[in-house]
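Summary of structural features
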Amino acid sequence: MFNNILGNENIKELLTNAVKNNKTSHSYMFVGTEGIGKKMIAKEFAKMILCTDENKYCDRCKSCIEFESNNNPDFRIIEPDGNSLKIEQIREFQNKVAEKPIISNRKVYIINDAELMTKEAQNCLLKTLEEPPEHVKFILATTEPQKLPATILSRCQRFDFKRISNDDIIKRLKIVCEESNIEITEDAIRLISVLAEGAMRDALSILER
């Protein structure tokens, strides 16, 4: 679980224990800068919630297999349409929320870049968060929680993600370079880790240039 995602070990442990002990909340908010793994952890958390094996995260059940192929009907990520998340996007998934799960006994929706919701979209989502169906879990990922109304913030269990350490970024970059036969100096790797400012995604992007 979360094996290929660097950093924020305490959050990963809390989420894992919540699933295993059947104590997940109906709504979560993942807060942190871009590129530090919020969305990746949200997806792995969703996969764990939807797994139908009693030990969770089996990678063998129909839910896990469909999840890996991006075909799990009980899971969806809502991304911004252009520069905003529009009310039509929220209404669209709300029409599906009340429907029973197809594979699992849960449904999970990730709203990425939640701070980009329009006021109308925020108000629309709030209605669902106030009275969420028992079988639905929401995960809002955001870099700017201050742009979301207190009424939404108060209904989500919040996790604040920390930047990934330079040492961890360096270790991962060395592995990537070795696996991809990329020749690079130690100084260059260290420079990349500094420029990435705690974001593994940015480090990999710089390495590819």
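Residues numbered from 1 in each chain as written. Predicted model: local features only at pLDDT ≥ 70, side-chain atom pairs only at ≥ 80, totals over all residues. Heavy atoms only, no water.

**Digging into the overall build of the protein chain**
When helices and strands are counted, the protein chain shows nine helices and five strands. Listing each helix as α and each strand as β along the protein chain from the N terminus yields α-β-α-α-β-α-β-α-β-α-β-α-α-α. Computed over C-alpha atoms, the radius of gyration of the protein chain comes to 18 Å, within 12% of the 17 Å expected from 2.2 N^0.38 for 209 residues, which places it in the range of a compact globule. Classification of the 209 residues of the protein chain by burial places 48% in the buried group. Across the protein chain, contacts joining residues at least 24 apart in sequence account for 73% of those joining residues at least 6 apart. By element, 45% of the accessible surface of the protein chain is carried by carbon and sulfur atoms, the whole surface being about 11,400 Å². The average position of the 31 basic charges and that of the 33 acidic charges among the side chains of the protein chain differ by 5 Å. (Helix = DSSP H or I, 4+ residues; strand = E, 2+ residues; numbered from the N terminus. Rg over C-alpha atoms; globule rule 2.2 N^0.38 Å. Buried < 20%, exposed > 50% of the residue type's maximum accessible area, 1.4 Å probe, protein only. Contact = heavy atoms within 4.5 Å. Areas by Shrake-Rupley, 256 points an atom, 1.4 Å probe, with all protein chains shown as cover. Lys, Arg positive; Asp, Glu negative; His and termini not counted. Charge placed at Lys NZ, Arg CZ, Asp CG, Glu CD.)

**Focus: the packing of helix α7 (residues 166-179) against helix α9 (residues 200-208)**
Packed helix pairs are characterised by how far apart their axes lie and by the angle those axes make with each other. Packing of α7 against α9 brings their axes to within 11 Å, and their N-to-C directions diverge by 40 degrees. Taken together, the axis directions place α7 and α9 in an arrangement best described as oblique. Like other packed secondary-structure pairs, α7 and α9 cross with a definite hand, here right-handed. Residues I169, R172, L173, V176 and C177 of α7 form the contact with α9, whose own contacting residues are M200, A203, L204 and L207. (Axes fitted to C-alpha atoms, helices over the stretch in contact; angles between N-to-C directions. Parallel < 35°, antiparallel > 145°, perpendicular 65-115°, else oblique. Left-handed = near helix turned anticlockwise from the far one by under 90°.)

**A closer look at helix α4 (residues 87-97)**
For α4, every residue scored as buried is listed here: I87, Q89, I90, F93, Q94 and V97. Along the axis of α4, the buried residues cluster in a sector spanning 155 degrees; they form a single face. Exposed and facing more than 90 degrees away from the buried side of α4 are E88 and N95. Buried positions along α4 lie against β2 (75-78), β3 (107-111), α5 (119-130) and β4 (136-142). (Arc of directions from axis to C-beta.)

**Some details on the layout of surface pockets**
Put simply, the largest pocket is a space of about 360 Å³. Forming the boundary of the largest pocket are 18 residues, of which G35, I36, G37, M40 and R201 lie nearest the centre. Secondary structure elements with two or more residues in the lining of the largest pocket: α2 (38-50) and α9. The class makeup of the residues in the lining of the largest pocket is seven nonpolar, five polar and six charged. (1 Å grid on protein atoms, 1.4 Å probe; cavity = no way out; pocket = protein on both sides within 12 Å on 5 of 7 lines; lining within 4 Å. Points joined across faces, edges and corners; volume = space filled by probe spheres on them. Nonpolar A, V, L, I, M, F, W, Y, C, P; charged D, E, K, R; others polar.)

**Considerations on the pattern of salt bridges**
With the rule as written, the count across this model stands at 13 salt bridges. Close ionic contact of R155 with E130 constitutes a salt bridge, the shortest N to O distance being 3.8 Å. Of the two residues, R155 sits in the loop between α6 (150-153) and β5 (157-160) while E130 sits in helix α5, which places them 25 residues apart along the sequence. Notably, a salt bridge pairs E186 with K174, separated by 3.1 Å at the nearest N-O pair. A residue pair is termed long-range when its members are at least 10 positions apart, and E186 in helix α8 (residues 186-195) and K174 in helix α7 qualify at twelve residues. Since its relative accessible area comes to 34%, E186 is described here as partly exposed. Look at K174 and you get partly exposed, because its relative accessible area is 36%. (Salt bridge = Lys/Arg side-chain N within 4 Å of Asp/Glu carboxyl O.)

**Regarding the packing of aromatic side chains**
On inspection of all chains with the given rule, the structure shows nine aromatic pairs. Relative to F45, the ring of Y28 lies with its centre 5.1 Å away and its plane at 90 degrees, an arrangement referred to as edge-to-face. With Y28 in strand β1 (residues 27-31) and F45 in helix α2, this residue pair connects regions lying 17 residues apart in the sequence. Overall, F45 belongs to the buried group, its relative accessible area being 0%. With a centroid separation of 6.0 Å and 85 degrees between ring planes, the pair formed by F30 and F159 is classed as edge-to-face. (Phe/Tyr/Trp six-rings, centres within 6.5 Å; stacked < 30°, edge-to-face > 60°.)

Purely spatial values, then, with no claim about function.
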